Amino acid sequence: MATRIRPSSKRCAVIGGSGFLGRYLVEQLVDRGYSVSVFDIRQGYEIPGVTFHQGDLCDKQALLAALQGVSLVFHCASPAPSCDDRSLFHRVNVDGTQTVLKACQEAGVQKMVLTSSASVVYEGTDIKDGKEDLPYAKKPIDYYTETKIQQERLVLEACDTEKGFLTVAIRPHGIFGPRDPQLVPILVDTARRGKMKFIIGDGKNLVDFTFVENVVHGHILAAERLRPESPLCGKAYHITNDEPVYFWDFMSQVLVGLGYDPPKYRLPYQLVYVLAMVLWLLVLFLRPVLQLRPTFTPMRVALAGTHHFYSCARAKQDMGYQPLVSLKDGIARTVESYAHLRKAA
Ligand SMILES: NC(=O)C1=CN([C@@H]2O[C@H](COP(=O)(O)OP(=O)(O)OC[C@H]3O[C@@H](n4cnc5c(N)ncnc54)[C@H](OP(=O)(O)O)[C@@H]3O)[C@@H](O)[C@H]2O)C=CC1
Ligand SMILES: CC(C)=CCC[C@@H](C)[C@H]1CC[C@H]2C3=C(CC[C@]12C)[C@@]1(C)CCC(=O)C[C@@H]1CC3
């Protein structure tokens with residue numbers, strides 16, 4: 001029988017550690033003196049002292065090798081929301097998370113912090129100052145959200161103080177920052193194709209965008225405050241910048257910062273939503289013969305035209321959370337880092 005290494009409280013693993021958020025988490029953990037193993041389907045970078053284990057989280061044996069001697073696991077792996085592959089989302093976020101839980105319990109891991117998403121309660125209609133006790137979306141806006149709900153449920157239900165396995169879920173919203181592969185690149189690509197001319201709705205819908213370092217701060221606080229007697233056990237926590245901003249102001253600040261014109265013409269929200277639905281149905285109908293990826297999906301239109309901002313009062317109270325980087329500074333640092341995406345003069 002293989003000998004089990006005794007878990008050390010400063011030894012952790014980051015599943016999904018090669019991704020955008022995962023890499024920031026790894027860097028911060030190393031700075032704070034943790035010894036870190038990364039488990040990911042790809043190796044994105046190298047950091048002295050960080051051990052990489054390349055593998056699929058659906059493979060329990062591969063996970064077990066990475067979890068030897070680990071007492072704390074961060075699980076922030078997921079297929080990208082834009083991939084629209086229902087069976088992949090289910091395989092990784094639901095079945096894969098079950099495998100992660102089994103592997104953690106077998107390896108003697110004591111704590112697990114899941115990166116969930118605030119969108120688990122979002123159905124495409126307004127959420128203002130949403131608290132964690134809102135019910136899970138009955139009609140999730142996409143397969144990504146559907147499987148993030150199932151994933152969060154599995155992880156929180158696995159919390160068992162008697163067995164000494166504690167879990168907590170962090171629900172960030174709209175993560176942005178340098179190296180983000182989604183938000184700024186999609187925005188710039190849309191602007192370069194001349195499609196960032198329109199504001200959907202009245203432009204006054206408030207949304208949370210969260211600077212990546214604040215999300216990391218929330219994860220580490222949660223891990224360090226998660227103890228058998230603490231209120232965090234088995235609970236979900238919103239982590240945001242706590243500065244809701246008009247969606248279209250945020251987009252405009254990033255665009256203008258990179259030298260592009262901000263959108264200025266208004267289109268009625270309902271009209272654009274119906275057009276996006278029609279386009280989406282057409283894409284589905286044509287899928288057997290033609291693979292199209294429209295910019296305007298109903299989900300994106302809903303995100304761009306509704307309020308969706310959340311309260312982080314629970315995180316402030318239970319873990320002393322406060323954002324470390326303001327929205328203004330976060331946007332400035334992000335814009336500065338995307339010099340290569342600036343509009344050519
Ligand atoms: N970005 C955001 O705005 C928000 C993100 N979240 C959540 O935060 C987490 C991190 O997101 P983010 O950093 O943006 O995403 P990334 O896609 O950048 O990171 C996820 C990482 O997980 C890897 N991965 C995917 N499938 C597997 C698998 N089967 N086995 C092992 N590794 C795998 C990815 O590899 P590959 O790139 O090759 O797929 C990638 O390296 C996710 O759980 C996401 O749901 C929540 C709210 C908002
Ligand atoms: C707060 C939150 C959940 C942010 C998520 C980020 C992405 C979903 C957005 C990043 C770029 C956005 C974007 C649009 C929708 C939402 C994003 C994809 C549009 C497609 C909305 C319609 C337009 O006019 C163009 C926009 C391009 C950028």
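Residue positions are counted from 1 within each chain, in the order its sequence is given. Chains and ligands are labelled by the order in which they are written, letters from A for the one and numbers from 1 for the other. Totals for whole chains, interfaces and linings use all residues, but because this is a predicted model, local features are given only for residues with pLDDT of at least 70 and pairs of side-chain atoms are given and counted only at 80 or more. The side-chain figures draw on all heavy atoms in the structure; neither hydrogens nor water molecules are used.

The next point concerns the site of ligand 1. For ligand 1, the set of nearby residues contains 23 residues, the closest of which are Phe20, Leu21, Asp40, Tyr144 and Lys148. Definition of a polar contact: a pair of N or O atoms within 3.5 Å, with one able to donate and the other able to accept a hydrogen when the atoms are protein atoms, and with sequence-neighbouring residues admitted only if both atoms are side-chain atoms. Between Arg42 and ligand 1, the recorded distance is 3.0 Å, taken from a side-chain N or O atom to an oxygen atom. Surface exposure here means Shrake-Rupley accessible area, sampled with a 1.4 Å probe, where a residue is shielded only by the protein chains that are shown. Here ligand 1 has 880 Å² of accessible area as a free molecule, and 83% of this is covered by the chains. For the shell around ligand 1, a count of residues per class yields ten nonpolar, nine polar and four charged. Any residue with a heavy atom lying within 4 Å of a molecule or strand is counted as near it. Gly is put with the polar residues, along with every residue not named as nonpolar or charged; the nonpolar set is Ala, Val, Leu, Ile, Met, Phe, Trp, Tyr, Cys and Pro, and the charged set is Asp, Glu, Lys and Arg.

What follows concerns the site of ligand 2. Within the structure, ligand 2 sits among 17 residues, and His173, Met196, Val207, Asp208 and Leu303 are positioned closest to it. Relative to its unbound accessible area of 590 Å², ligand 2 is 90% covered by the protein chains. For helices the rule is a DSSP run of H or I covering at least 4 residues; for strands it is a run of E covering at least 2, with both sets numbered from the N terminus onward. For the shell around ligand 2, the elements supplying multiple residues, two or more each, are α5 (183-192) and α9 (298-305). Along the lines of polarity and charge, the residues of the shell around ligand 2 split into ten nonpolar, five polar and two charged.

The next subject is helix α1 (residues 20-31). Expected span of a helix, by definition, is 1.5 Å for each gap between consecutive residues, and there is one gap fewer than residues. For α1, spanning twelve residues, the distance from its first C-alpha to its last is 17 Å, which sits close to the expected 16 Å at 1.5 Å a residue. Only protein chains enter the calculation, and the probe is 1.4 Å; a residue is then buried if its accessible area is under 20% of its type maximum, exposed if over 50%, and partly exposed in between. Of the positions making up α1, those classed as buried are Phe20, Leu21, Gly22, Tyr24, Leu25, Val26 and Leu29. The first or second residue beyond α1 is Gly33, which carries a positive phi of 90 degrees.

Further remarks concern the pairing of strand β7 (residues 166-172). Burial of β7 is extensive: seven of the seven residues sit out of reach of the surface. Residues of β7 alternate between two faces, with Leu166, Val168, Ile170 and Pro172 on one and Thr167, Ala169 and Arg171 on the opposite face, all of them buried. Note that strand β5 (residues 111-115) and β7 share five bridges and pair parallel. Looking at the pairing, Met112 lines up with Thr167 of β7. Think of it this way: DSSP has to see at least two bridges between two strands before they count as a pair.

Below, the discussion takes up unusual backbone geometry. In the Ramachandran plot, Arg179 falls in the positive-phi region, its phi being about 75 degrees despite a non-glycine side chain. As for its position among the elements, Arg179 is in the loop between β8 (175-176) and α5. On the accessibility criterion, Arg179 (37% relative accessible area) is partly exposed. Phi at Asp242 is positive, roughly 60 degrees, even though this residue is not glycine.

A few words on the UniProt feature "transmembrane region" (unreviewed entry) in the protein. Using the residue numbers shown here, the UniProt feature "transmembrane region" (unreviewed entry) corresponds to residues 271-290. Secondary structure within residues 271-290 divides into 80% helix and 0% strand; the distance between the first and last C-alpha atoms comes to 26 Å. UniProt positions are given in the numbering used here, feature names are shortened, and annotations may be inferred rather than shown by experiment.

Further remarks concern the environment of Val92. Mapping Val92 onto the fold places it in helix α3 (residues 86-107). On the basis of relative accessible area, Val92 is assigned to the buried category, the value being 11%. In the structure, Val92 is positioned 13 residues away from Pro79 in sequence and 7.4 Å away in space, judged by C-alpha atoms. A contact between two residues is defined here by any heavy atoms of the two lying within 4.5 Å. The residues touching Val92, leaving out its near neighbours within four places in the chain, are Leu57, Cys58, Pro79 and Thr97.

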